[in-house]
Amino acid sequence: MIPCVKNHFHNDLRSALIRTESHLFYIDECSEGLVQCDTHATCVNLPGWYHCECREGYHDNEVFTANGESCKDIDECRTGRSTCANDTVCFNLDGGYDCRCPHGHNCTGDCIHDSKVKHNGQIWVLDNDRCSVCSCQSGRVMCRRMVCDCDNPTLDLFCCPECDPRLTSQCLHQNGLLTYSSGDTWIESCQRCQCLGEVDCWPLSCPPADCDFTLVPEGECCPRCVSDPCQAHAVRNDITKTCEDEHGITRFSGSSWVKHGTECTLCQCKNGHICCSVDPMCL
Ligand SMILES: [Ca+2]
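Here we summarise the structure given alongside this text. (Residues numbered from 1 in each chain as written. Predicted model: local features only at pLDDT ≥ 70, side-chain atom pairs only at ≥ 80, totals over all residues.)

**Some details on the sheet that holds strand S21 (residues 224-225)**
In a beta sheet, neighbouring strands pair by backbone hydrogen bonds and run either parallel or antiparallel. Operational definition: One bridge is not enough; two strands pair if DSSP finds at least two bridges between them. Runs of E in the DSSP output that reach at least two residues are strands. Runs of H or I that reach at least four are helices, and both are numbered from the N terminus.
The 3 strands lie next to each other as S21-S20-S22, forming an open sheet whose pairing is antiparallel. Of all the strands in the sheet, just S21 and strand S22 (234-235) have a single pairing partner and so form its edges. Where strand S20 (residues 213-215) and S21 come together, 2 bridges link them in antiparallel fashion. The partner of Leu215 across the bridge, within S21, is Arg224.

The structure is reproduced here in structure tokens:
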């Protein structure tokens, strides 16, 4: 039970956010079982919303659906993403592919990776990411993040900062009150932060808002569609939707002017709608 609940927001994605006296608590819709993702997608929890992300082997062709039903199988054979070596034939499967040996051939099970031949059973580290380990298994390349066994003395601490025993691997939260261990992640000011010897933050991604007028509600990170143009923080300006001001002058969407006969009333054209407000700093 969370104490001191003041407000409770619920948005159209059934995502929720609870604000208390001093902290924001985000409900994890994924683990709370509020979300049913398509079988081809996995649930990803983010503050104020969630989305269903396509599983490996599936893609959504940039058609976004909240429950992931747009995730379709990738044809690795046709798109050239397969790793089958020359002696095998690529065979597309739902969510993956297979490298099959044609009848009468003696296939090696070797793989092609980055235009190089990798032998069946070979294990290697990626050139551009030393923390990923790949292997060739019967024509198929499998890559995964290095497993961090902190008891392994030859462990690469760059890839496994959570195993670094030095005190410098501790981070201080932006508010100066909390400490984090290496590898910990948290959300601050609409950014996802991670402790990797130092605090590293990057912006959260938001679901697309497919509408002309959007605003970011207080306490949330992502824009939402609004019907009232004058409430909108952002407008997808359409140059064909002009406004006519008090003098009958045509104004393009996105342009602003001081209302005739006033000193401090600023008007703006938002896709054919005129929104005026008094600038309190001007009075
Ligand atoms: Ca496939």
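**Some thoughts on unusual backbone geometry**
Definition in use: For the exposure call, what matters is how many other C-beta atoms sit within 10 Å of a residue's own: 20 or more marks it buried, 12 or fewer exposed, and in between partly exposed, using C-beta atoms placed from the backbone.
Even without being glycine, Ser189 reaches a positive phi, approximately 45°. Even without a glycine there, the phi angle at Cys190 is positive, about 60°. Among the secondary structure elements, Cys190 is positioned in the loop between strand S17 (185-188) and strand S18 (191-196). Exposure remark for Cys190: the 15 C-beta atoms within 10 Å place this residue in the partly exposed category.

**Regarding the sheet that holds strand S19 (residues 198-203)**
Quick note on the threshold: Angles here are taken between N-to-C directions and fall from 0 to 180 degrees, while the axes themselves are lines fitted to C-alpha atoms, restricted in helices to the stretch in contact.
Spatially, the 3 strands line up as an open sheet ordered S17-S18-S19, and their pairing is antiparallel. Either end of the sheet is taken by a strand with one partner, and the two such strands are S17 and S19. This sheet shows a mean twist of 30° between the axes of neighbouring strands, independent of strand direction. Sheet topology places S17 next to S18; 4 bridges connect them, and they run antiparallel. Directly across from Trp186, in S18, lies its bridge partner Cys193.

**A closer look at the nonpolar core**
Applicable threshold: For the purposes of this analysis, a nonpolar core is taken to be any set of buried Ala, Val, Leu, Ile, Met, Phe, Trp, Tyr and Cys residues that are connected through C-beta atoms within 7 Å.
Counting residues in each nonpolar core, the largest one holds 12 residues, listed as Val35, Cys37, Ala41, Leu46, Trp49, Tyr50, Cys52, Cys54, Tyr58, Cys71, Ile74 and Cys222. Breaking this core down by element, the ones donating at least two residues are strand S4 (41-46) and strand S5 (49-54). Top element by residues in this core is S5. It accounts for 4 residues.

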